[in-house]
Amino acid sequence: MIELKNITKTFYDRKTKVEALKNINIEVKEGEIFGIIGFSGAGKSTLLRIINLLEEPTSGEVSINGKDLLTLKERELRNVRKKIGIIFQQFHLLSSYNVFDNVAEILRMNGVPKQEINKKVKDLLLLVGLEDKADQYPANLSGGQKQRVGIARALAMDPDILLCDEATSALDPKTTDSILKLLLDINKKLGLTIVLITHEMEVIKKVCDRVAVMEKGEIIEQGTVLDIFSNPVQETTNHFVGNVYENMITEDMLTALQGDEPSYILRLAFRGDTALDPVLSEVASSYSVTSNIVHGSITYLKGTPLGILFVHLSGDADKLKQAISYLEEKVYRVEVIREISGKPKEVLV
Amino acid sequence: MLDRMDELAPLFGISLYETLVMVIVSLVIATVIGIPLGVLLVVTRPNHLYPNKWIFQLLNTIVNIIRSLPFIILMLAIIPFTELIVGTSIGIRGAIVPLIVYIAPYIARLVETAFLEVNYGIIEAYRGMGASRFQIILRIMIREARPGILLCMTIALIGLIGATAMAGVIGAGGLGDLALRYGYQQWDMPVMFGTVIILIVLVQIIQSLGNYFAKKLKMSG
């Protein structure tokens, strides 16, 4: 659906060369919600604007439904853009128009007949839950309501794609939730493909199917949200998924866990719909190892629970290895975080 | 002063009429020139709708040059140009040309600031939705900048009244001419005083109306 190939964007700030985007490759599939996450200054916003060519890449290819956008003339490009809605962190509504006119203006620009506009705008306001606010001005609306107007406006031309530029970053958590629900809703109802950028992992967790993690103009990791959460590789990704166990496992704890036998601290990721208890007790009994849960948490990814457990496993070295390979079979992801050697045996003289 | 009312009333009447003619005609024409000029000063900036360094620099320099001349000097300096355009450099006709040359760049500069206050994000939003650049200028930028433009026009109008008074020097008639001939040359204090009152009232009315309508536009938006 959306394909970005080898995108680079370089610009000059005075005489300094700034590489805003470096060799970006992304493919967004039809109907999915694709998230791009990164700290501010990572280049997410520039990348999002490349999709509808509000920003032109220095090199690379941008194609939508197989059509290479960089070869289009302005008029053709405008026709493509009409099918790509966009919403913003700061909403960017027209302050001199009321809610109705804010949604209607783009339809008027495209010469849609008045009656059709009336019906269309009414339907859209109903969809975003603002049917009673049609004659209010943006200045009198809350942030969440403004974003709803933004969404209604973005949907006016029946787009196939919706770009969200930090659409919830200016909103409080409760309002963020309601806007995200609305996005999920229109994604399902209208089959809309959504690309969103954010710096909040919560947003990715709640709505995205796939995610790309950006840092310093590059995509350092991408995959399904489940994969990224169950097995984050890069440091920044770990940071975003709240997987910074370095601070969690302290030296004191390691000393306390050190026994006569060697042991491991494992990170187990499991789909929440599969219970882990039997697996752990099975391992304990069939390989005669001891298992202790050190830490556990459950994250919901688009409603599906993903469990993360930190387990301390101790026992005979060979048995331990067997136990781990058994776990690897049974559990979604297994990662050895720490290896703790057994206490050196006291030698009697 | 009151005992000379019969004599002075028509004098003030005619002068006020002449002032208003000069102001209105030059304001209308200067607006037609000034607003597009103001738009160009905004959209030709780097990273705007029609970035063009050369046009921007050229217009910017012209506006700066004209804006740095006091009206009385500008009026005298462009006499050949005025004669070329309207065939005379005196009277109301002779005054209107320099008034336009003086106030159009003024309007352009004021309108420029009003346009710059339109958040570029809004422009980007409509570009992203496939609106043409022309539609964005006409239907988004001008519409959003309306309250600001109205206040600009109020300021320009008051500046214009000040300039018309100086046009009295070239025999353009109007309140300035009246004050010059009666007030200054004949030291006729009641006429001078009357002119001052009329000007104060005129400017007050214009400013209040401007504020009122700008506020009204803002409330509806």
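Keep in mind that what you see is a predicted model, and the values were worked out from it rather than measured.

Rules of the game
- Here the residue index of a chain counts from 1 through its sequence in written order.
- Just so you know, chain letters begin at A and ligand numbers begin at 1, following the order they were written in.
- For a predicted model such as this one, the threshold for reporting local features is a pLDDT of at least 70, and the threshold for listing and counting side-chain atom pairs is 80 or more; totals across whole chains, interfaces and linings nevertheless cover every residue.
- Secondary structure elements follow DSSP: runs of H or I no shorter than four residues count as helices, runs of E no shorter than two count as strands, and numbering proceeds from the N terminus.
- Throughout, a pair of residues is in contact if the C-beta atoms placed from their backbones lie within 7 Å.
- To assign burial, the other C-beta atoms lying within 10 Å of each residue's own C-beta are counted, with C-beta atoms placed from the backbone; 20 or more indicates buried, 12 or fewer indicates exposed, and intermediate counts indicate partly exposed.
- Each residue receives one of three labels: charged for Asp, Glu, Lys and Arg, nonpolar for Ala, Val, Leu, Ile, Met, Phe, Trp, Tyr, Cys and Pro, and polar for the others, Gly being one of them.
- UniProt positions are given in the numbering used here, feature names are shortened, and annotations may be inferred rather than shown by experiment.
- Each domain span listed reflects an automatic or database assignment of domains.
- What makes two strands pair is DSSP finding at least two bridges between them.

*Asks:* Looking at this structure, I do not really get the overall build of chain B. What am I missing?
*Replies:* Helix and strand content of chain B: nine helices and zero strands. For chain B, the α and β elements follow one another from N to C terminus as α-α-α-α-α-α-α-α-α. In terms of its C-alpha atoms, chain B occupies a principal-axis envelope of roughly 70 × 40 × 25 Å. Partitioning the contacts of chain B with sequence separation of at least 6, the portion at a separation of at least 24 is 71%.

*Asks:* Would you mind going over the overall build of chain A with me for this structure?
*Replies:* Within chain A, the secondary structure is distributed over 12 helices and 14 strands. In terms of principal-axis extent, the alpha carbons of chain A reach across some 95 × 50 × 35 Å. For chain A, the proportion of its 349 residues judged to be buried stands at 41%. Within chain A, contacts between residues separated by at least 24 positions form 68% of all contacts whose residues are at least 6 apart in sequence.

*Asks:* What is the right way to look at the interface of chain A and chain B in this model?
*Replies:* A common way to express how large an interface is: the accessible area buried when the components associate. At the interface, 19 residues of chain A touch 18 residues of chain B. Secondary-structure elements contributing two or more residues to the side of chain A that touches chain B are α2 (74–82), β6 (84–88) and α3 (99–109) of chain A. Considering every element that reaches the side of chain A that touches chain B, the biggest residue donor is α2 of chain A, with four residues. Of the residues assigned to the side of chain A that touches chain B, the class counts are nine nonpolar, six polar and four charged.

*Asks:* Help me understand unusual backbone geometry in this model?
*Replies:* Residue and element names in this part refer to chain A. The backbone of H92 shows a phi angle near 55°, a positive value even though the residue is not glycine. Mapped onto the secondary structure, H92 falls in the loop between β6 and α3. A count of 22 C-beta atoms within 10 Å places H92 in the buried class. At K302, a position not held by glycine, the phi torsion is positive, near 50°. In this fold, K302 is placed in the loop between β12 (290–301) and β13 (304–314).

*Asks:* Please clarify how the UniProt feature "transmembrane region" (unreviewed entry) in chain B should be interpreted in this entry.
*Replies:* Residue and element names in this part refer to chain B. When the UniProt feature table is mapped onto this chain numbering, "transmembrane region" (unreviewed entry) sits at residues 20–43, 55–79, 85–108, 148–171 and 191–214. Between the C-alpha atoms that bound residues 20–43 the distance is 33 Å, and the span itself is 100% helix and 0% strand. The span residues 55–79 carries 84% helix and 0% strand; its end-to-end C-alpha distance comes to 27 Å.

*Asks:* Just to check I follow, could you spell out the environment of I86 of chain A for this structure?
*Replies:* One can find I86 of chain A in strand β6. The class for I86 of chain A is buried, based on 28 C-beta atoms found within 10 Å. Distance in space between the C-alpha atoms of I86 of chain A and E339 of chain A is 49 Å, their sequence separation being 253 residues. When residues no more than four places from it in sequence are discounted, the contact partners of I86 of chain A are N52, A154, L163 and D165 of chain A together with A125 and G128 of chain B.

*Asks:* Looking at this model, I keep getting lost on the domain arrangement of chain A. Mind explaining?
*Replies:* Residue and element names in this part refer to chain A. With domains assigned, chain A is organised as domain 1 (2–243) and domain 2 (251–340). For domain 1 and domain 2, the distance between their C-alpha centres works out to 40 Å. If you list the elements that add at least two residues to the side of domain 1 that touches domain 2, you get α7 (201–207) and α8 (225–230). Per-element accounting of the side of domain 1 that touches domain 2 gives the leading share, four residues, to α8. Across the side of domain 1 that touches domain 2, the residue classes break down as four nonpolar, two polar and two charged.

*Asks:* I keep staring at the UniProt feature "domain: ABC transporter" (unreviewed entry) in chain A and nothing clicks. Help me out?
*Replies:* Here, UniProt's "domain: ABC transporter" (unreviewed entry) annotation points to residues 2–241 of chain A. As annotated, residues 2–241 of chain A comprises 38% helix and 28% strand, and the C-alpha atoms at either end are separated by 26 Å.

*Asks:* How should the pairing of strand β8 (residues 193–198) of chain A be read in this particular structure?
*Replies:* Regular strands place side chains that alternate from one sheet face to the opposite one. Residues and elements named next belong to chain A. For β8, the buried fraction is high: six of the six residues fall into the buried class. Neither face of β8 is open: one carries T193, V195 and I197, the other I194, L196 and T198, and all of them are buried. Where strand β3 (residues 33–38) and β8 come together, five bridges link them in parallel fashion. If you follow I36 over to β8, its bridge partner there is I197.

*Asks:* When you look at the UniProt feature "domain: ABC transmembrane type-1" (unreviewed entry) in chain B in this model, what are you seeing that I'm missing?
*Replies:* UniProt's entry tags residues 16–210 of chain B with the feature "domain: ABC transmembrane type-1" (unreviewed entry), counted in the numbering of this structure. Across residues 16–210 of chain B, helical content stands at 83% and strand content at 0%; the span's end C-alpha atoms are separated by 20 Å.

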